[in-house]
Each structure stands twice: as structure tokens, then as C-alpha cells.
Amino acid sequence: MRAFFLAVSLVFAALVAGCAGQLIDRGAYFADVSQRAASADSRIRFLVMHYTDGDEARSLAELTRGDVSAHYLVPVHPLLRDGRPVVWQLVPESQRAWHAGQSFWQGTTELNAASIGIENVNLGPRDTPQGRVWDPYPPDQQDAIIRLAKDIVARYAIPPTRVVGHSDIAPQRKTDPGPLFPWKALYDAGVGAWPDEATVTAELAGRAPDAPADVRALQWKLARYGYDVATDGVLDERTRRVFAAFQMHFRPRDYSGTPDAQTDAIAQALLDKYLPGLARESAPPLPSPRPSP
Ligand SMILES: [Zn+2]
């Protein structure tokens, strides 16, 4: 009997000794981290790009003292240290920044809770007699944005279709980061999505780029890609703003919100490339009209 107790206490001692290295002292208690669950992912699942609509001094003041914030702020001409750009970090990545507001992407709402937000100093649009003019992103700012985004996307394994603009996730309220944002340069550096040109040509299937596209078909493509858009086939202001947001991101030469064949082909090419499971899913039936009395 004594031998039995000795064996039990030896096993117990071994267990305690085995665990001791896995215990985290939290002051009033210990957390044992020796067992890890297989099902888990990062709380950070999206990267959201913005422009500040103001110069650096005003942007810093608003983002540090106002009721909006972002994790990072990239200056127009970042200072260099050892040949590398310096960006402002205003909120720790473990904390929620208040940059997205009411938002939606790929079924997720309120993206503040699940994203990193990058504000880029940029004066935004100006309306002139010749039309709307957008403030460019200079090459050294683009370089800093790319370095920062590459690092974030790698650390949190953020997939290409989840690197988005504020206008993508809140198209009814926002136009930032605007049509001059360097989405293609980011893609070339390995960040975010971009359609393959050959697929776009194939999806055009002989249609002229400016030929009209079916409204409902385009709505359904963008809904599958991630946008909050109706699939009722009605080209109202809400739908136009979603089409314009998509065009600003992927076809900035014309972001009028008009549904054309090139926009339609780009949307299909993106689905084929990044979301093949959804790419050929057909639209749900339209609700049948009520019989008139
Ligand atoms: Zn924004």
C-alpha cells in the first residue's frame, strides 16, 4: 500500500514538475498554458486603408485627441532613419482603433474589432471647374505604406481579399483612400488582391469594355466578393456607390458607378482567382412580386 502511495505521489510530483514551466504567474492566480487548442485564429483579420483628408499636423491632432483613431499614420514624406521610413504608431495593435465606423466586409460587421487601420496623410479630393482632382500619394509615402502593410499582412496572415479601403467597407459614407491609392503597387509587393489581365480579357468574352453590364449579375459578384450590396437588379444610388467603390479600387480610370463589361469582367476575374468556391455560385431567386389584388 505504501508503495502505491509512493508511486501516486511520484506521478503527481512529475506532473507538477512537468507543468511548472508552463504556468504563468498572474499575481492572484496561475494560468497553465501547457495545452493548446487546435481551433483558433487571429483576432486581426482585415487591413483597412484610409486617407486623412488633411495635412500631417491636423491629422495627428485629430487622430490623437479626437474621437477617431488609427493604429498607424503614414506621413506624405516620411522621415528616414538608417534609410528606412518612420511611420507614426498611435494605437497598439492589440487594442482597437476607431477608424472604420459602421462597416461590412465578407459577412463581418463593425470592422474596428477585427482590423488594423492605416491612415495616410493626404488632402483628399478637390472639386475644380475641370472636375474632381485627387491628391497624389508620393513615391516615398507609397514605399512606407508598402513596407508597413507587408509586415502586417505577413504577421496576421491576412488574405488578399481582406486588404480593403474604407470605401469598400462603408461605400455609402466614404470615398477614402480614393482612386489614386497605389493598390496595384501593393499587389506587386505581395499585399492585397488584383485581377489577372488574361482572365479579365477572357471574361470580357469579346464585349467592349464600356458595353453595359447586367446590374443584378454585377451586384451578385460584388456581394460574393465582400461588399454590402443588394442583389435586386436595381441601379439606385446605393448600388451605384458600391460599384464606384469597387471601380476606385480595381479600375480607377472610371469610377462613375456605371455597370460596364470591364467592371463585370474584373469582378469575375477576382472571384475566380481568390474565392473559387464562390466564383460560379448562381444568384438566389428574386422574391416573387406580390399578386395584385
Ligand atoms: Zn477612412
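What you see is a predicted model; the values in this text were computed from it and never measured.

(A) The coordination of the zinc ion, seen in detail. Within the protein, the atoms that donate to the zinc ion are H50 (ND1), H166 (ND1) and D176 (OD), at distances of 2.0 to 2.1 Å. Counting the intervening residues between successive donors of the zinc ion yields the motif H-x115-H-x9-D. Of this pair, H166 sits in helix α4 (residues 166-169) while D176 sits in the loop between α4 and α5 (183-188); the two residues are 10 residues apart in sequence, bridging distant segments of the chain.

(B) Molecular detail of unusual backbone geometry. Cis geometry is found at the peptide bond from D176 to P177, where omega equals 10°. By the secondary structure assignment, P177 is in the loop between α4 and α5. For A157, which is not glycine, the phi dihedral falls at a positive 50°. Tracing the backbone through its elements, the reader meets A157 in the loop between α3 (139-156) and β13 (163-165). On the accessibility criterion, A157 (61% relative accessible area) is exposed.

(C) The arrangement of the pattern of salt bridges in detail. One pass over the structure, following the stated rule, counts 15 salt bridges. Here D82 and R84 are joined by a salt bridge, their closest N and O atoms 3.5 Å apart. We note a salt bridge from R280 to E203, for which the minimum N-O separation is 3.1 Å. Taken together, the residues span a long stretch of sequence, with R280 in the segment after α10 (276-279) and E203 in helix α6 (residues 197-204) at a distance of 77 residues. On the accessibility criterion, R280 (60% relative accessible area) is exposed. Within this structure, E93, D151 and R155 form a network of salt bridges that share partners.

(D) The packing of aromatic side chains, seen in detail. This model, assessed by the stated rule, comprises 10 aromatic pairs. Judged by centre distance (6.0 Å) and plane angle (85°), the ring pair of W105 and Y225 falls under edge-to-face. Of this pair, W105 sits in strand β8 (residues 104-105) while Y225 sits in helix α7 (residues 215-225), and the two are 120 residues apart along the sequence. Considered together, W105 and Y225 belong to a single accessibility category, that of buried residues. Relative to F250, the ring of Y225 has its centre 6.0 Å away and its plane inclined at 85°; by these criteria the two rings are edge-to-face. With Y225 in helix α7 and F250 in helix α8 (residues 237-250), the pair connects residues that are 25 residues apart, well separated along the chain. Taken together, the ring pairs connect W105, W194, Y225, Y227, F246 and F250 into an aromatic cluster.

(E) Representation of the sheet that holds strand β7 (residues 88-89) in the model. Here we have 5 strands laid out as an open sheet, ordered β7-β4-β10-β3-β13, and mixed in their pairing. Because the sheet does not close on itself, it has two edges, and the strands there are β7 and β13. Bridging between strand β4 (residues 72-74) and β7 involves 2 bridges; their strand directions are antiparallel. Among the inter-strand pairings, L73 is bridged to a residue of β7, identified as W88. Of the strands in this sheet, β4, β7 and β10 (115-120) touch helix α2 (residues 56-65), which is tilted by about 175° from β4.

(F) Seen up close, the environment of M248. With respect to the helices and strands, M248 occurs in helix α8. Not counting chain neighbours up to four residues away, the residues in contact with M248 comprise T175, G178, P179, W183 and Y255.

(G) Quick look at the side chain of S167. Tracing the backbone through its elements, the reader meets S167 in helix α4. Relative accessible area serves as the criterion here: at 5%, S167 is assigned to the buried category.

(H) Region of the structure containing the pairing of β10. Among the 6 residues of β10, 6 are classified as buried, and the element is accordingly described as predominantly covered. Here β10 shows a buried face lined by S115, G117 and E119 and a second buried face lined by I116, I118 and N120. By the bridge criterion, 6 bridges tie strand β3 (residues 46-51) to β10 in an arrangement that is parallel. Across the sheet, F46 pairs through a bridge with S115, a residue of β10.

Parameters at a glance
Residues numbered from 1 in each chain as written. Predicted model: local features only at pLDDT ≥ 70, side-chain atom pairs only at ≥ 80, totals over all residues. Heavy atoms only, no water. Donors = N, O, S within 2.8 Å, 3.2 Å for Na, K, Ca; no water. Helix = DSSP H or I, 4+ residues; strand = E, 2+ residues; numbered from the N terminus. Buried < 20%, exposed > 50% of the residue type's maximum accessible area, 1.4 Å probe, protein only. Salt bridge = Lys/Arg side-chain N within 4 Å of Asp/Glu carboxyl O. Phe/Tyr/Trp six-rings, centres within 6.5 Å; stacked < 30°, edge-to-face > 60°. Pairing = 2+ DSSP bridges. Contact = heavy atoms within 4.5 Å. Axes fitted to C-alpha atoms, helices over the stretch in contact; angles between N-to-C directions.

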